[in-house]
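A look at the structure
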Amino acid sequence: MKRNVLVIAGLAVLSTSAFASKARMEALGQSSTRGSEYLSDSRNIFRNPALLNSTKNYIVTEWGTTAAAGADDSVLAPRAEGGFFREMGSFNYGLYLGNDGLDNGRTTSGFLTQDNGLDLFLSGDMGVQWGAKVHYANAKDESGTVAKKNTAFGLGLGVVSGDAEGYLNVDLSDKSEGNTLLAANQYKLKPSYLVGGSYKWSSVTFFASYEATKADLTIAAVTTTRKSSEIVVGAGRVHEINPTARVITDAHVSIADDTNITGTGKTKTNKIPVTLGFEADATSWLVVRGNVHQNVILGETKNTAGKKTTNANSTTVDAGATLNFGKLKVDGSVGTTDSTGAATATSKKGILSTSNLMSRVGVSYWF
Amino acid sequence: MKKIMMIGSALIVLSSSAFASQARLLALGMNETDNEGMYYISDSRNIFLNVANINLYPNQAEFDWGSTGQDASITGTPSPSNSTLISSTSPKAQGGAFKKYGEYVFGLYYGNESNTSSLLRVAGTSAASSLNFSGATPSSKMLQTADNQIDVFFGGDNGTKWAVNGLYSAGKDESRNSKDSAYTVRGGLIGANWDTHLNLSLGSKSSSNETINHAALGLGTTTVAQEFKGKFGVHAGGSYLLDEKNRIFGYVKHYGWEQSDSYNNYAALKAAGAGTFGTFSGQNGTIKGDFTSYYLGWGRDFDVNNGDKLFASLAAKKTEINLNYTTKTEVRTLVIPLVLGYEAKATDWLTLRGSVVQNIYGTKDNKKEENLNPVAKSLIALNYGANGKSTIANSTAVNAGATLVFDQLSIDGLIGAVGPTGTNGSKKGILSASNLETSVGLTYKY
């Protein structure tokens with residue numbers, strides 16, 4: 001009996017930790033870029049590379065377009081990405097392709113953005129789990145009248161010790177030189193960082209992070225400096241209803257500001273988003289998940305003139321599913337296209353489409 | 001016990017070699033102009049890379065769904081759509097059958113027209129003819145590309161697998177005074193841990209002598225005699241298995257040709273506003289061109305989870321195209337793509353596969369593409385980039401595919417290639433049940 005319970009518990013852990021996609025994270029109200037602070041998912045290695053120690057030996061492909069020149073990855077226009085992660089002796093390594101970072105408004109200014117991004121991961125466990133990642137992207141275009149180029153470097157470090165974890169992700173540089181108008185125009189990201197950590201106490205994970213970004217945008221010899229920061233403090237919990245279903249809850253306080261140092265001043269946004277979600281094994285081959293998300297008590301933006309406005313329409317519902325074929329899992333979002341099949345910013349109309357069975361599909365294969 | 005293990009190993013080999021389609025290899029990261037196969041992944045499509053592969057697929061028929069091919073004369077603004085290239089969004093119908101009789105394997109295959117051949121004939125078309133601007137919009141009169149192609153195969157296994165293949169294609173259109181023909185022979189050998197092939201283009205010719213009309217530009221009609229004449233072409237290469245799994249491979253492709261254009265009024269044509277359809281020069285007379293591609297790489301597979309496979313490869317490919325106009329047109333690309341792929345048996349009746357590809361290094365340095373006719377210019381730009389020196393942008397691509405298995409019958413296809421409203425090629429991360437598979441290939445084994 002005891003042995004059976006152990007086997008079932010093991011399977012439950014396997015089934016929750018084997019997911020790996022942006023679609024799953026979004027369907028559960030988490031960050032598709034950096035993963036979750038408290039839910040197990042392989043996307044979390046982009047926040048804390050030490051978590052590669054617990055999610056390894058898989059290949060993942062995120063379906064999307066190859067022609068999103070400079071465009072940020074999004075639900076409606078996902079970017080083709082993918083990677084390979086493997087155990088090697090007492091270490092784990094990984095290679096991820098196509099993580100091209102953020103546009104940060106450069107496309108509209110005609111700069112080259114990060115392209116053909118490459119992330120290399122290495123992690124190990126020496127009592128304390130550790131991990132590191134290096135990000136690199138390089139692009140140039142000398143075919144126009146103005147030569148343009150972009151180079152970006154980033155570094156991520158993380159540790160996991162028992163129920164505690166900490167991480168530091170630094171964008172060492174992200175520089176775009178020359179836009180469609182002038183070779184001297186440039187976008188230059190100053191060293192920017194995200195530092196944070198979490199601690200699991202009982203069944204609740206408490207987490208906090210601080211992110212600071214600073215960038216200079218030089219157009220026609222006029223430099224505009226912007227900086228932004230965000231403090232996040234929160235807690236999240238996974239409640240195992242039964243071996244095949246989980247309810248998740250999280251809430252956090254977010255205090256963010258965006259300052260144009262050169263010009264118009266500071267914009268501040270304070271909010272407390274609360275997420276209620278679930279994930280359930282509908283059948284042996286189908287996992288369904290979803291969440292409802294809303295700012296509670298606090299959710300307002302103070303503009304540069306000091307006027308406050310409530311952030312409208314913060315209630316969102318996301319849903320997703322996983323087609324489970326043993327070691328192969330096909331994740332995706334559901335309900336994102338409308339009755340005509342269109343995928344637009346307003347196309348969520350409560351439709352469960354069998355034509356567009358899933359969108360933002362991510363396929364992971366575990367070995 | 002040993003016997004059971006041997007049977008198990010045989011089944012694994014069988015299952016990995018039982019697939020057969022362009023769609024499968026495209027899903028696993030194939031990126032060849034002619035989709036002729038991959039050195040490190042076993043698939044019957046590889047018969048067009050090394051013809052000796054017919055010995056591995058001796059008793060089967062395969063049919064790739066698609067259109068009947070595009071007309072060489074299409075009304076509309078000159079663009080790649082006026083071309084005849086086969087792609088995953090516009091697959092062309094083709095297929096054939098292979099049968100083993102005694103010690104030998106015979107095969108017949110229809111419709112595997114070469115994209116490289118089409119590309120060169122498009123490039124060889126007279127700029128004036130590619131416009132033919134008589135009405136509201138141009139109606140390109142391109143040189144005929146290879147059509148109704150037949151490939152005949154013959155091979156055997158004397159310890160070393162061998163095979164030869166003859167290719168023949170010919171067509172004419174007397175209403176255009178045009179005709180075309182192509183002849184190729186391929187030979188291949190497969191040894192225990194090596195394989196090699198020599199594919200020779202013995203002849204490729206396309207010509208026309210027809211009236212074109214530039215009435216919309218105020219230039220009236222004229223007769224243009226044009227010809228594309230391929231010189232000796234070679235595609236030689238092979239692979240070597242370093243150990244149980246690691247394979248190195250490479251090839252050299254070289255094709256030369258001459259193209260002639262009798263139109264001698266280009267200055268007037270451009271002055272009349274033909275440049276609206278793209279800056280171009282055009283050139284009266286005969287010029288020479290050549291296409292050369294070098295490819296060298298490493299690839300391997302990994303056996304995982306009792307029969308599933310992972311794939312990885314890293315290869316360098318350098319492509320050079322020269323057209324000796326008065327000011328030379330040059331296309332230069334160098335790419336080093338890294339391919340990571342998987343193929344897994346999801347259920348008894350379903351196999352899923354996919355890959356992610358990205359250039360670890362990729363540059364192009366192209367010059368004077370404006371010499372080309374407007375159709376060729378846009379086609380070259382689409383495949384090799386526009387004029388100028390730059391890195392190759394947005395090279396990250398994710399492909400996926402599936403095989404529906406019904407005993408001896410299998411249906412391969414790409415998945416996730418359609419957009420939310422069903423547009424083929426508009427990849428938006430959609431798993432569509434309406435367009436369940438695209439670029440479908442059907443294989444029946446007997």
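Remember, predicted model here, so these are calculated numbers, not experimental data.

This part is about the overall build of chain A. Helix and strand counts for chain A stand at two helices and 18 strands. Relative to a compact globule of 367 residues, whose C-alpha radius of gyration would be 21 Å, chain A shows 21 Å and is just as compact. Taken over the C-alpha atoms alone, chain A extends approximately 75 × 50 × 45 Å along its principal axes. The buried share of chain A, reckoned over its 367 residues, is 41%. For chain A, the proportion of contacts with a sequence separation of at least 24, taken over those separated by at least 6, is 52%.

The next subject is the overall build of chain B. From N to C terminus, chain B includes six helices and 19 strands. Taking as baseline every contact in chain B between residues at least 6 positions apart, the subset at least 24 positions apart corresponds to 65%.

Right, let's talk about the interface of chain B and chain A for a bit. The interface is formed by 39 residues belonging to chain B together with 47 residues belonging to chain A. Residue contributions to the side of chain B that touches chain A peak at six residues, all from strand β14 (residues 350–366) of chain B. Per-class residue counts for the side of chain B that touches chain A are 17 nonpolar, 19 polar and three charged.

Residues and elements named next belong to chain B. With five bridges joining them, strand β1 (residues 60–64) and strand β19 (residues 438–445) adopt antiparallel strand pairing. Bridge pairing links D64 to G441 in β19. Here β1 pairs with strand β2 (residues 94–101) via five bridges, running antiparallel. Opposite E62, over in β2, you have G96 as the bridge partner.

Positive phi values are uncommon outside glycine, yet S202(A) reaches one of about 60°. Along the chain, the position of S202(A) falls in the loop between β9 (192–201) and β10 (204–219). Since 7 C-beta atoms lie within 10 Å of it, S202(A) is described here as exposed. For N177(B), which is not glycine, the phi torsion reads 50° and is therefore positive. Considering the arrangement of structural elements, one finds N177(B) in the loop between β5 (161–173) and β6 (178–190).

Residues and elements named next belong to chain B. Among the residues of helix α6 (residues 374–384), P374, V375, A376, K377, S378, L379 and I380 are the ones counted as buried. Elements that come into contact with the buried residues of α6 comprise α3 (115–123), α4 (127–131) and β13 (329–347). Just downstream of α6, G385 is the residue with a positive phi angle, here 95°.

In this section: the confidence of the model for chain A. Residues and elements named next belong to chain A. Model confidence for chain A is summarised by a mean pLDDT of 89, while 94% of its residues fall at 70 or above. Mean pLDDT values over the elements of chain A span from 42, in helix α1 (residues 2–17), up to 97, in strand β3 (residues 91–97). Segment residues 1–17 is flagged for pLDDT under 50; beyond a separation of four residues in sequence, or across chains, it makes six contacts in the model.

Within the secondary structure, M88(A) is located in strand β2 (residues 81–88). In this structure, the C-alpha to C-alpha distance between M88(A) and F207(A), residues 119 residues apart in sequence, is 31 Å.

What follows concerns the packing of α3(B) against α6(B). Any two packed helices are characterised by how steeply their axes cross, that is the angle between the axes, and by the distance between the axes. All names here are of chain B. Contact geometry of α3 with α6 gives a least axis separation of 8 Å together with a crossing angle of 140°. When the interaxial angle is binned, α3 and α6 end up oblique. Judged by residue contacts, L119, V122 and A123 of α3 engage V375, A376 and L379 from α6. When its residues are assigned to classes, the contact of α3 with α6 shows six nonpolar, no polar and no charged.

Once that is clear, we can look at the pairing of strand β17 (residues 409–415) of chain B. Residues and elements named next belong to chain B. The buried count for β17 comes to five of seven residues, which makes it a mostly enclosed element. Strand direction decides the pairing type here: strand β16 (residues 397–406) and β17, joined by seven bridges, are antiparallel. From the neighbouring strand, T403 faces β17, where its bridge partner is D412. Linking two consecutive strands that pair antiparallel, namely β16 and β17, is a turn of two residues; a positive phi of about 55° is found at D407 within it. One ladder, built from five bridges, connects β17 with β19; its direction is antiparallel. Each residue of the ladder has a partner; that of L409, found in β19, is Y444.

Before going further, it helps to spend a moment on the nonpolar core. Y58(A), I59(A), V361(A), Y365(A), L340(B), A400(B) and L414(B) are the most contacted members of the largest nonpolar core, which totals 83 residues. Counting residues per element, this core draws most heavily on β13(B), which supplies six residues. The residues contacting L414(B), other than those within four sequence positions of it, are A23(B), L26(B), A27(B), S88(B), N399(B), A400(B), G401(B), E437(B), T438(B) and S439(B). Among the nonpolar cores identified, the runner-up in size contains 18 residues, and L119(B), Y255(B), L323(B) and V375(B) belong to it.

Moving on, we come to α3(B). Because an α-helix packs 3.6 residues into every turn, residues spaced three or four apart end up facing the same way. Counting buried residues in α3(B) gives nine out of nine residues, a clear majority hidden from the surface. Residues of α3(B) that are buried: N115(B), T116(B), S117(B), S118(B), L119(B), L120(B), R121(B), V122(B) and A123(B).

Residue and element names in this part refer to chain B. Topologically, G188 is positioned in strand β6. G188 gets classed as buried once you count the C-beta atoms within 10 Å, which come to 26. With 139 residues separating them in the primary sequence, G188 and L49 have C-alpha atoms 8.7 Å apart. Apart from residues no more than four positions distant in its own chain, G188 is found in contact with N50, V51, A52, A163, D195, T196 and H197.

What counts and what doesn't
- Residues numbered from 1 in each chain as written.
- Chains lettered and ligands numbered in written order.
- Predicted model: local features only at pLDDT ≥ 70, side-chain atom pairs only at ≥ 80, totals over all residues.
- Helix = DSSP H or I, 4+ residues; strand = E, 2+ residues; numbered from the N terminus.
- Rg over C-alpha atoms; globule rule 2.2 N^0.38 Å.
- Buried ≥ 20, exposed ≤ 12 C-beta atoms within 10 Å, placed from the backbone.
- Contact = placed C-beta atoms within 7 Å.
- Nonpolar A, V, L, I, M, F, W, Y, C, P; charged D, E, K, R; others polar.
- Pairing = 2+ DSSP bridges.
- pLDDT = per-residue confidence, 0-100.
- Axes fitted to C-alpha atoms, helices over the stretch in contact; angles between N-to-C directions.
- Parallel < 35°, antiparallel > 145°, perpendicular 65-115°, else oblique.
- Core = buried A, V, L, I, M, F, W, Y, C linked by C-beta atoms within 7 Å.

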